[in-house]
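# Survey of secondary and tertiary structure
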Amino acid sequence: KGNSRPSPGPDLWEKWCVRALSDSALQLVLDLVNYEITRSHFPDSVKPAILSTIFKRGARTDLANYRGVTCSNLLKNLPFAWMNYLLTMYLVNLQILPQSQVATHPGVQARDLTSFLSQVDAYARRHKQPLYMLRRDQRKGFDRLEPEGFYDAVRAYGLPQSLITLDQSAQADVPYRIKTLHGLTDSFILSGVTQQGGPFSPLKST
């Protein structure tokens, strides 16, 4: 499921190639993924990530106008893609997501987003606040998402503690390298940071 040819992570494994493996070779990948899921643990060897900075808008000299998006290894992405698939169905079945929710809401069309933005625009006019201010605040909330917000939701809905443990393991002591015009930087270690660009980030934000 998902993007058939995403940008590969540091391991250079591509999903469409892995999917085409024979059953015997695919079983090795399955065993590794199941190891991570059943133990809620990611080995250090699958944690390295490459970070690209993408310009959003405004002045190019202001670093706040860039967004960092990471490419992670396939063996780190697959458990979260699987968890994202299951949790999305869970949220829909229990009607946890409100009708006004656009991102991560299955079946919601682009025209629904247009309608939603029209409602936001009407709200902004009533409260005499420019629409771009509301959008900017929303952007800041997504870009600076604290992992603890997701953990609070997991506890509130009575979901397994293993979801928190798995996420914490994925974010502990992650070696990052930044992609620049001159190549990749040396590695530096970060912990407890929500990685943007992963299959699970949109649902965590929601």
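In this text the structure is predicted, and so the values were computed from the model without any measurement.

Take K76: it is sitting in helix α3 (residues 74–93). One buried charged residue, K76, forms no salt bridge at all, with the nearest opposite charge on D167 at 8.5 Å. With near-sequence residues (within four places) excluded, K76 lies in contact with F42, V46, K47, A170, V174 and Q195.

At a minimum axis separation of 10 Å, helix α2 (residues 23–39) and α3 run at an interaxial angle of 65°. Classified by the angle their axes make, α2 and α3 are roughly perpendicular. In this structure, α2 crosses over α3, and the sense of that crossing is right-handed. Here V29, L32, V33, E36 and I37 of α2 come into contact with α3, specifically with L75, L78, P79 and W82. Taken together, the residues that form the contact of α2 with α3 break down as 8 nonpolar, no polar and 1 charged.

Turning our attention to the nonpolar core. With 21 residues, the main nonpolar core has F42, F80, M83, L87 and F200 as its most contacted residues. Broken down by element, the residue count for this core peaks at 6 residues, all from α3. Once residues lying within four places of it in the same chain are set aside, the contact partners of F42 are E36, K47, L75, K76, P79, F80, L166, S169 and A170.

Taken together, the side chains of W82, Y85, L86 and M89 present a nonpolar region at the surface, about 390 Å² in accessible area. Mapped onto the elements of the fold, Y85 is located in helix α3. Judged by relative accessible area, which is 38%, Y85 ranks as partly exposed.

On inspection of all chains with the given rule, the structure shows 4 aromatic pairs. With a centroid separation of 5.6 Å and 15° between ring planes, the pair formed by F42 and F80 is classed as stacked. Separated by 38 residues along the polypeptide, F42 in the loop between α2 and β1 (49–55) and F80 in helix α3 bring together distant segments of the chain. Both residues of the pair, F42 and F80, belong to the buried class.

Turning to empty space enclosed by the protein, a few remarks are in order. Scanning the entire structure with this criterion turns up 1 cavity of 30 Å³ or more. Lining of the largest cavity is provided by 15 residues; of these, F80, D167, Q195, G198 and S201 occupy positions nearest its centre. Of all the secondary structure elements, the ones that give two or more residues to the lining of the largest cavity are α3, α7 (161–170) and α8 (201–205). Ranked by the residues each element gives to the lining of the largest cavity, the list is headed by α3, at 3 residues. Split by residue class, the lining of the largest cavity holds 5 nonpolar, 7 polar and 3 charged.

For the rest of this paragraph, the subject is unusual backbone geometry. What is expected of a backbone is that most residues other than glycine have negative phi and most peptide bonds are trans. Although it is not a glycine, S40 adopts a positive phi angle of roughly 50°. Assignment of secondary structure puts S40 in the loop between α2 and β1. According to the relative accessible area criterion, S40 is buried, its value standing at 8%. Phi is positive for D173, close to 55°, though the residue is something other than glycine. Structurally, the position occupied by D173 is in the loop between α7 and β3 (174–180).

Let's shift gears to the environment of G192. For G192, the location among the structural elements is in the loop between β5 (188–190) and α8. As for G192 and D173, which are separated by 19 residues in sequence, their C-alpha atoms are 8.2 Å apart. When sequence neighbours within four positions are dropped, the list of residues in contact with G192 reads P147 and Q171.

What counts and what doesn't
- Residues numbered from 1 in each chain as written.
- Predicted model: local features only at pLDDT ≥ 70, side-chain atom pairs only at ≥ 80, totals over all residues.
- Heavy atoms only, no water.
- Helix = DSSP H or I, 4+ residues; strand = E, 2+ residues; numbered from the N terminus.
- Buried < 20%, exposed > 50% of the residue type's maximum accessible area, 1.4 Å probe, protein only.
- Lys, Arg positive; Asp, Glu negative; His and termini not counted.
- Salt bridge = Lys/Arg side-chain N within 4 Å of Asp/Glu carboxyl O.
- Contact = heavy atoms within 4.5 Å.
- Axes fitted to C-alpha atoms, helices over the stretch in contact; angles between N-to-C directions.
- Parallel < 35°, antiparallel > 145°, perpendicular 65-115°, else oblique.
- Left-handed = near helix turned anticlockwise from the far one by under 90°.
- Nonpolar A, V, L, I, M, F, W, Y, C, P; charged D, E, K, R; others polar.
- Core = buried A, V, L, I, M, F, W, Y, C linked by side-chain atoms within 4.5 Å.
- Patch = residues over 30% accessible without salt bridge, like charges linked within 9 Å, V, L, I, M, F, W, Y side chains within 5 Å.
- Areas by Shrake-Rupley, 256 points an atom, 1.4 Å probe, with all protein chains shown as cover.
- Phe/Tyr/Trp six-rings, centres within 6.5 Å; stacked < 30°, edge-to-face > 60°.
- 1 Å grid on protein atoms, 1.4 Å probe; cavity = no way out; pocket = protein on both sides within 12 Å on 5 of 7 lines; lining within 4 Å.
- Points joined across faces, edges and corners; volume = space filled by probe spheres on them.

Keep in mind these values describe shape, not function.
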